[in-house]
Amino acid sequence: MGTTDTVPGRRGLSRPVAVAFVGYTFGVAMLGSTLPTPLYGLYQRQLGFSNLTTTVIYAVYAAGVLAALLLFGRASDVLGRRRVLLVGLAAAALSALVFTTDGGLATLLAGRVLSGLSAGLVSGTGTVALVELIELGGDGHGGRHARATMLATAVNMFGLGAGPLLAGLLAEYAPAPLLLPFVTHLLLLVPAAIGVWLAPETAPARDSGHGTRDGGRGSRGEWARPQRLGVPGQARAAFLPCAIAVFAAFAVFGLVTAVEPGFLSSLLGLPNRALAGAMVFSMFAGSVLGQAGSTRLPTRVALPTGCLVLVAGLAGIAVALTAGSLAPLAAGTVVVGVGQGVCFRAGMTAVTSASPPDRRAETVSSFFVVIYLGISVPVVLVGVGAQVWGLRTAGIVFTAAVAALALTALAIVLRLTARRAATPAAL
């Protein structure tokens, strides 16, 4: 394809414009998945549910993500990136519409599941689409791939962080705090849908068996039945240590996103929703900084480094919960974000570069299954612990447990790295 900035396809968009459209779409879709974070306290007071229910509402969205990944993990390899992104945007719009109704707990659960479906469809597909767009016209060297993956993961994190910040500001300083954030999200989705509709297709062509590109990109039902996601043999050596590290990293993210607003309100006496949104945003901003600052680190160095930084951030959060102090909570939150960003960037770069193009979306979707298990399962355990011991004790126990997991991941990653040091494709 040479070095032209024109993307091949029926619409002939320039590559920078196509990248901007897909990046915006990716970010806006992920924004919707964290939009309710600073609003949980309002819902809790309005509907009278417990801290455990709050964590379940947060985590049930992972059920939607996992359903999307397990049912449609290969869909964009078969149907094309554009079609799957458009379906993901439709699910995001339905989620926002559900949240604008006043249907009680069932509505919240339904909205979160739909949000999870959107995130599951867009996360893997958006990552792959951005990487493929940026790689078009490349020179065959790894630098372009690394920059593309960095952009994709940064867009993901920025979108996730923008959701709580936007909702917190609107809920604190604008009217209709449980309505306006979701109406705003609906408006933001409109240009995203237009951009995806105009964007070119980047998925590799698939032969229908008749000598032409398959209009359906696969046999009937190939993409629509439950599928066992897999990791190609050549990518497994990279996948395993990366999956271990990101599970620990995203378990911390699940804790902060789900219950840090509760920490601020009930433990520190700071119920300001804009502050809660800004704190969660700072974690995601730390993630972007961690990704950007670790671009020159090889994966075998970045993964252990990220685990150590995670442990340092968890120590700050534990000190804050013990002493009831805002400063170490804020510092620990940012440091946790940096550690997560280092792990996430290194893992995504290794996994995508080790995967063959025709199975790249499948492999990335498998990676996101690990991520969303880390986000959802541990945080529900925090909710259970809060019912038994109280929120403060449950938070301290959780930080200790995840620190132990991160250190375990560090030890395993170092062992696997040493064992595979002589294998060029290992990490």
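Look above for the structure.
Just so we're clear, the structure is a prediction, and the values are computed from it rather than from any experiment.

Q: Please clarify how the pattern of salt bridges should be interpreted in this entry.
A: Scanning the entire structure with this criterion turns up three salt bridges. With a shortest N-O distance of 3.8 Å, E172 and R273 are connected by a salt bridge. Highlighted residues: E172 in helix α7 (residues 142-173) and R273 in helix α10 (residues 273-293), separated in sequence by 101 residues. For E172, a relative accessible area of 27% translates into the label partly exposed.

Q: Before we go on, may I ask you to explain the packing of helix α12 (residues 326-354) against helix α13 (residues 360-389) in this structure?
A: Packed helices, taken two at a time, are described by their axes: the angle between them and the distance between them. Relative to each other, α12 and α13 sit at 150 degrees, their axes nearing to 10 Å. Taken together, α12 and α13 sit at an angle that is classed as roughly antiparallel. The element α12 and its partner α13 pack so that their crossing is right-handed. On α13, the residues that touch F344, G347, M348, V351 and T352 of α12 are R360, T363, V364, F367, F368 and I371. Taken together, the residues of the contact of α12 with α13 sort by class into seven nonpolar, three polar and one charged.

Q: Quick question: what am I supposed to make of the packing of helix α5 (residues 81-99) against helix α8 (residues 180-198) here?
A: Orientation of α5 relative to α8, taken along the N-to-C sense of each, is 165 degrees, at an axis distance of 10 Å. Taken together, the axes of α5 and α8 lie roughly antiparallel to each other. Between α5 and α8 lies a crossing of left-handed hand. Residues R82, L85, L86, L89, A92, A93, A96, L97 and F99 of α5 touch α8, and the partners they reach there are F182, H185, L186, L189, A192, A193, V196 and W197.

Q: Explain unusual backbone geometry here, please?
A: Leaving glycine aside, a negative phi is the common case for residues, and trans is the common case for peptide bonds. Phi at A176 is positive, roughly 50 degrees, even though this residue is not glycine. As for its position among the elements, A176 is in the loop between α7 and α8. For A176, a relative accessible area of 37% translates into the label partly exposed.

Q: What am I meant to see in the packing of aromatic side chains here?
A: Think of a pair of aromatic rings as described by two things: how far the centres are apart, and how the planes are tilted against each other in angle. Under the defined criterion, the tally for this structure stands at eight aromatic pairs. Seen in terms of ring centroids, F239 and F367 are 5.8 Å apart; in terms of plane orientation they differ by 75 degrees. Their pairing is edge-to-face. Taken as a pair, F239 in helix α9 (residues 236-267) and F367 in helix α13 lie far apart in primary sequence, 128 residues in all. F239 sits in the buried class, given a relative accessible area of 11%. For F367, a relative accessible area of 0% translates into the label buried.

Q: Even after reading the chapter, I still don't get α13, so can you show me in this structure?
A: Each α-helix winds once per 3.6 residues, and so residues spaced three or four apart point in a common direction. The first and last C-alpha atoms of α13 sit 44 Å apart over 30 residues, in line with the 44 Å expected at 1.5 Å per residue. Burial within α13 is extensive, with 22 of its 30 residues counted as buried. Just past α13, the residue G390 takes up positive phi, approximately 100 degrees.

Q: Help me understand empty space enclosed by the protein in this model?
A: A probe matching the size of a water molecule, rolled over the atoms, marks out where space remains unfilled. Inspection of the entire model under this criterion finds four cavities of 30 Å³ or more. The space that makes up the largest cavity amounts to roughly 120 Å³. In terms of lining residues, the largest cavity is bounded by 17 residues, among which T34, Y61, L160, F284 and I375 are the most central. Counting only elements with at least two residues in the lining of the largest cavity, the list comes to α1 (15-34), α3 (51-72), α7, α9 and α13. Taken as a whole, the second largest cavity encloses approximately 60 Å³ of empty space. Secondary structure elements with two or more residues in the lining of the second largest cavity: α3, α6 (105-135) and α13. For the lining of the second largest cavity, the element with the highest residue contribution is α6, accounting for four residues. When the residues that make up the lining of the second largest cavity are grouped by side-chain class, the tally is six nonpolar, six polar and no charged.

Thresholds, definitions, all that
Residues numbered from 1 in each chain as written. Predicted model: local features only at pLDDT ≥ 70, side-chain atom pairs only at ≥ 80, totals over all residues. Heavy atoms only, no water. Salt bridge = Lys/Arg side-chain N within 4 Å of Asp/Glu carboxyl O. Helix = DSSP H or I, 4+ residues; strand = E, 2+ residues; numbered from the N terminus. Buried < 20%, exposed > 50% of the residue type's maximum accessible area, 1.4 Å probe, protein only. Axes fitted to C-alpha atoms, helices over the stretch in contact; angles between N-to-C directions. Parallel < 35°, antiparallel > 145°, perpendicular 65-115°, else oblique. Left-handed = near helix turned anticlockwise from the far one by under 90°. Contact = heavy atoms within 4.5 Å. Nonpolar A, V, L, I, M, F, W, Y, C, P; charged D, E, K, R; others polar. Phe/Tyr/Trp six-rings, centres within 6.5 Å; stacked < 30°, edge-to-face > 60°. Expected span 1.5 Å × (residues − 1). 1 Å grid on protein atoms, 1.4 Å probe; cavity = no way out; pocket = protein on both sides within 12 Å on 5 of 7 lines; lining within 4 Å. Points joined across faces, edges and corners; volume = space filled by probe spheres on them.

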